[in-house]
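One-letter residues, chain by chain:
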Amino acid sequence: MRKALITAGGGTILGPMFKRSTLLSVGTALSCFALTGCIRLNGAGRPMPPTPYGQVPSARQLRWHAMEFYGFLHFTVNTFTDKEWGYGDEAESVFNPTDFDADQIVGVAKEAGMAGLILTAKHHDGFCLWPSAYTEHSVKNSPWQDGKGDVVREIGAACRRHGLKFGVYLSPWDRNYPEYGREAYLTYYRNQLRELLTNYGDLFTVWFDGANGGDGYYGGARETRRIDNRTYYDWNNTWQIVRDLQPFACMFSDVGPDFRWVGNERGIAGEPCWATLSPGDGAPGNTQANLNQGERPGTHWIPAECDVSIRPGWFYHAGQDDQVKTPAQLLDIYYASVGRGCCLNLNLPPDRRGRIHDNDVASLREFRRLLDATFAENLAAGARLTASNVRGKNRNFGPGRLLDGDRTTYWATDDFVFTPELALELPAARTFNVIELREHLPLGQRVDAFAIDARIDGAWKEIAKGTSIGNRRLLRVDPVATTQVRLRITQAAACPALAEFGLYREP
Ligand code: FUL
């Protein structure tokens, strides 16, 4: 038997010639297996978890990943002027929803399965949905609720009542404010940010749009003002305000810092789609990086959000009432966003009443029904699992962890085993058409590629393959009826750590 090499700190790991043995060295126990390397044992003699690979999510990002599906509310003067981008000269009097009902709006989102809502507190036109102390261009000068109303407060409070998280969109570009483009605007913008961060409870996100179109009203100047979006907003110091006042809020911009744009407004993530990115000195609106697919390995953990509207426009237009996305279209988007490891941010535009239109409600309802019917039962439950390798041969890292419905537990292999296989023998023949995988995110994105086989007519047949997994990977396949399924990890950057495996049937 050759001697194991143990580095300072007990971190490594050598000894491909070993049969199983356990060594004790300067207080560190190692367990070694032929051709698979050694792993550190904890005080109780159990194997230590794998070392994280590459960039990993922060605690606030992990909370965001768990949300998976939430919504946008685009609502402002545009709702009443039939525009997508207001010029900034809209009279406050145009904002006058006839039957505003925050509980209807939030209730619809909840019924659709959304975990939170993000409201356009201020869009590019500069009109504020809350009575900001720093401008007259807000709800306080509108006829709605005699100028006493506050849409941010009402939607935020309704979210809390219904158990949804709440977030705000505060457009950096402001086509109303006279000082836009000059230094004074930055002070104004940060004052508004502080109002939103301090007066409306916990926020799960602050959403920083990258659009800067140039021309606008600007207090009557009616001119084009260009800014350098890498320097003008002094993003690092602006973002610090959010960190100081809402440390658990995840910030969105095209390039992060906490989550990124997916590079299109159709809600479709890349294949692969890595949660890692190398943004360089990227700033909102200045998107050089590969936002759609991410970058591997990448210098930062900046996962993608897929934003898309349920209608062609972000704001409500009666002329688009018959262009609401169908349940089938919404499902396709779900599989191409949540199913590629991202979060889906689906926009629901309140109408001129201040409610979500019946057509949108109907489509969302059927979409939710199909999702619930699909994921009601994991058809892999009760399967007999055989893994080609289990970390330290310890059941804490055994394949049973894949079916326990708990994302914090996982099947892992020994350190040098990158391409393990897992066989599932189902209790009876089952028919499925959706496959689900999750990685244990705190250990990073480890798997580069995988394949799924089914035993059909006595032979293994590959039925699906994929690349990145991350938070959640969903693959739709033609219906497969079988009693045996096999997962093959075909490429990985480190020993895999998989949290969940599922087989489902979409009606
Ligand atoms: C874009 C904006 O210009 C659109 O109006 C919308 O708010 C969308 C979510 O982001 O950049």
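A few points on the structure.

Around the ligand lies a shell formed by Phe72, His74, Trp85, His123, His124, Tyr169, Trp207, Asp209, Ala211, Glu265, Asp307 and Trp314. Trp85 places a side-chain nitrogen or oxygen 3.1 Å from an oxygen atom of the ligand. Within the side chain of Tyr169, one N or O atom sits 3.1 Å away from an oxygen atom of the ligand. Isolated, the ligand exposes 290 Å² of accessible area, and the fraction of that covered by the protein chains is 91%. Its residues assigned to classes, the shell around the ligand comprises six nonpolar, three polar and three charged.

On to helix α6 (residues 235-245). Inspection of α6 places Trp235, Thr238, Trp239, Ile241 and Val242 among the buried residues, and these make up the whole buried set. An end-on view of α6 places all buried positions within 140° of arc, on one side of the element. What points out from α6, more than 90 degrees from its buried face, is the exposed set Asn236 and Asp244. The elements touched by buried residues of α6 are α5 (183-199), β7 (205-207) and β10 (250-252).

In this section: the packing of α5 against α6. Closest axis-to-axis distance for the α5/α6 pair is 10 Å, and the angle between their directions is 20°. Here α5 lies roughly parallel to α6, going by the angle between them. Every pair of crossing elements has a handedness; the one defined by α5 and α6 is right-handed. For the pair α5 and α6, the contacting residues are Leu186, Tyr189, Arg190, Leu193, Arg194, Leu197 and Thr198 in the first and Trp235, Asn237, Thr238, Ile241, Val242 and Leu245 in the second. Looking at the contact of α5 with α6, its residues break down into eight nonpolar, three polar and two charged.

According to the stated counting rule, one finds 34 aromatic pairs in the structure shown. An angle of 80° between the planes, with centres 5.2 Å apart, marks the rings of Trp85 and Trp173 as edge-to-face. In this pair, Trp85 is assigned in the loop between α2 (78-81) and α3 (102-111) and Trp173 in the loop between β6 (165-170) and α5, connecting sequence segments 88 residues apart. Take Trp85: its relative accessible area is 43%, and that puts it in the partly exposed class. Trp173 sits in the buried class, given a relative accessible area of 1%. An aromatic cluster of three or more residues is present, and its members are Tyr177, Tyr180, Tyr185, Tyr188, Tyr189, Phe208, Tyr218, Tyr232, Tyr233, Trp235 and Trp239. Of note, Arg296 hangs over the ring of Trp274, and the distance from its end group to the ring centre comes to 4.3 Å. Residue placement shows Arg472 over the ring face of Phe375; its charged tip is 4.8 Å from the ring centre.

Next up on the list: unusual backbone geometry. For the bond from Gly256 to Pro257, the omega torsion is 20°, close enough to zero to count as cis. Examined against the element boundaries, Pro257 turns out to sit in the loop between β10 and β11 (260-261). For the peptide bond that leads from Glu271 to Pro272, omega is 5°, which places it in the cis range. Within the secondary structure, Pro272 is located in the loop between β11 and β12 (276-277). Unlike most non-glycine residues, Gln145 shows phi in positive territory, near 50°.

Within the element layout of this structure, Thr135 appears in the loop between β5 (116-122) and α4 (151-162). Within polar-contact distance, the side chain of Thr135 engages the backbone nitrogen of His137 at 2.9 Å.

Take the sheet that holds β5 next. Adjacent strands of a sheet form backbone hydrogen bonds with each other and so pair up, either parallel or antiparallel. Within the open sheet, the eight strands sit side by side as β10-β7-β6-β5-β4-β15-β14-β11. Their pairing is parallel. The two strands at the open ends of the sheet, each matched to only one other strand, are β10 and β11.

We now examine the environment of Asp351. By the element assignment, Asp351 lies in the loop between β15 (343-347) and α8 (358-375). Overall, Asp351 belongs to the buried group, its relative accessible area being 4%. Taking C-alpha positions, Asp351 is 7.6 Å from His317, a pair spaced 34 residues apart along the chain. Dropping the residues within four chain positions of it, Asp351 is found in contact with Phe75, Thr79, Tyr316 and His357. Within the structure, the side chain of Asp351 is placed 2.8 Å from the side chain of Arg353, a separation counted as a polar contact.

Scoring rules and cut-offs
Residues numbered from 1 in each chain as written. Predicted model: local features only at pLDDT ≥ 70, side-chain atom pairs only at ≥ 80, totals over all residues. Heavy atoms only, no water. Near = heavy atom within 4 Å. Polar contact = N/O pair within 3.5 Å; in protein donor to acceptor, adjacent residues only side chain to side chain. Areas by Shrake-Rupley, 256 points an atom, 1.4 Å probe, with all protein chains shown as cover. Nonpolar A, V, L, I, M, F, W, Y, C, P; charged D, E, K, R; others polar. Buried < 20%, exposed > 50% of the residue type's maximum accessible area, 1.4 Å probe, protein only. Helix = DSSP H or I, 4+ residues; strand = E, 2+ residues; numbered from the N terminus. Arc of directions from axis to C-beta. Contact = heavy atoms within 4.5 Å. Axes fitted to C-alpha atoms, helices over the stretch in contact; angles between N-to-C directions. Parallel < 35°, antiparallel > 145°, perpendicular 65-115°, else oblique. Left-handed = near helix turned anticlockwise from the far one by under 90°. Phe/Tyr/Trp six-rings, centres within 6.5 Å; stacked < 30°, edge-to-face > 60°. Lys NZ or Arg CZ within 6 Å of the ring centre and 35° of its normal. Pairing = 2+ DSSP bridges.

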